[in-house]
Structures are given as structure tokens and as C-alpha cells.
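Structure assessment
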Amino acid sequence: MNDQVVIVRPIITEQSTHFANVRNAYSFQVNRKANKTQIKNAVERLYNVKVTEVRTANRRGKPRRRGRMMGQTSNWKKAVVVLAADSKIDLF
């Protein structure tokens with residue numbers, strides 16, 4: 001898997017911005033088949049930073065209703081990447 005396939009998009013919320021400032025931790029939506037090593041290597045290559053820790057969580061899709069029909073949003077995977085003290089991503 002190449003780096004653009006592993007990292008789907010950054011997650012930018014109030015909480016993720018707070019953790020980026022306080023704990024130097026950044027959140028990304030990643031490919032569901034990617035493992036922690038692939039995520040670490042992709043972030044290091046794409047953003048030129050040093051990653052110290054990767055935490056992942058599989059998120060279940062939420063049920064949604066459209067008229068009479070019930071559906072569900074897609075399941076997805078979230079990764080929280082903690083960087084070294086001297087590294088920073090300017091995206092957030």
C-alpha cells in the first residue's frame with residue numbers, strides 16, 4: 001500500500017486541535033486494512049516528522065434514516081499518531 005492510500009484524511013476537530021497543541025498527537029482517518037507500522041511509515045514520509053507512538057481504533061458506522069429506508073454509514077478506522085517533541089505538523 002502506498003502512503004496516499006494508507007492515510008485517507010486528517011481529522012480536524014476541536015478535540016484533535018487541542019491534543020495537537022497539548023500532547024503533540026494528531027488524528028487521521030486511515031485505510032481499514034492498514035496496520036500500525038504502515039501508518040507510522042506513511043506519516044513519517046508524507047509529513048517529514050518522527051513518530052513515537054500510534055494508537056488505532058475501528059469505528060462502527062452509525063445508523064441513518066432516509067425516508068422509510070434505514071441505512072448505515074461506512075465503518076472506518078481512526079489513528080492517533082504521537083510525534084516526537086521536536087516534530088510538528090503545520091496542517092492543524
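As shown above, the structure is provided for reference.
Summarised in this report is the structure supplied together with it. (Residues numbered from 1 in each chain as written. Predicted model: local features only at pLDDT ≥ 70, side-chain atom pairs only at ≥ 80, totals over all residues. Heavy atoms only, no water.)

Considering the pairing of strand β5 (residues 69–72)
Relative to β5, strand β4 (residues 63–66) runs antiparallel, the two being bridged by four bridges. By the bridge assignment, R66 is partnered in β5 with M69. Hairpin geometry of β4 and β5 is characterised by an intervening segment of two residues between the two adjacent antiparallel strands and by a positive phi of about 70° at G67. (Pairing = 2+ DSSP bridges. Helix = DSSP H or I, 4+ residues; strand = E, 2+ residues; numbered from the N terminus.)

Considering the nonpolar core
The biggest cluster of nonpolar side chains holds 17 residues, and the ones touching the most others in it are I7, F28, I39, V43, V81 and L83. Where this core is concerned, the elements lending two or more residues are β2 (25–30), α3 (36–47), β3 (51–59) and β6 (76–83). If we ignore the near neighbours within four places in the chain, the residues touching I39 are V6, I7, V30, A34, V54, T56, A79 and V81. (Core = buried A, V, L, I, M, F, W, Y, C linked by side-chain atoms within 4.5 Å. Buried < 20%, exposed > 50% of the residue type's maximum accessible area, 1.4 Å probe, protein only. Contact = heavy atoms within 4.5 Å.)

Considerations on the side chain of N24
Among the structural elements, N24 can be located in the loop between α2 (14–22) and β2. A distance of 2.7 Å separates a polar side-chain atom of N24 from the backbone oxygen of A84. Not counting the four nearest positions on each side in its chain, N24 is found in contact with F19, V81, V82, L83, A84, A85 and S87. (Polar contact = N/O pair within 3.5 Å; in protein donor to acceptor, adjacent residues only side chain to side chain.)

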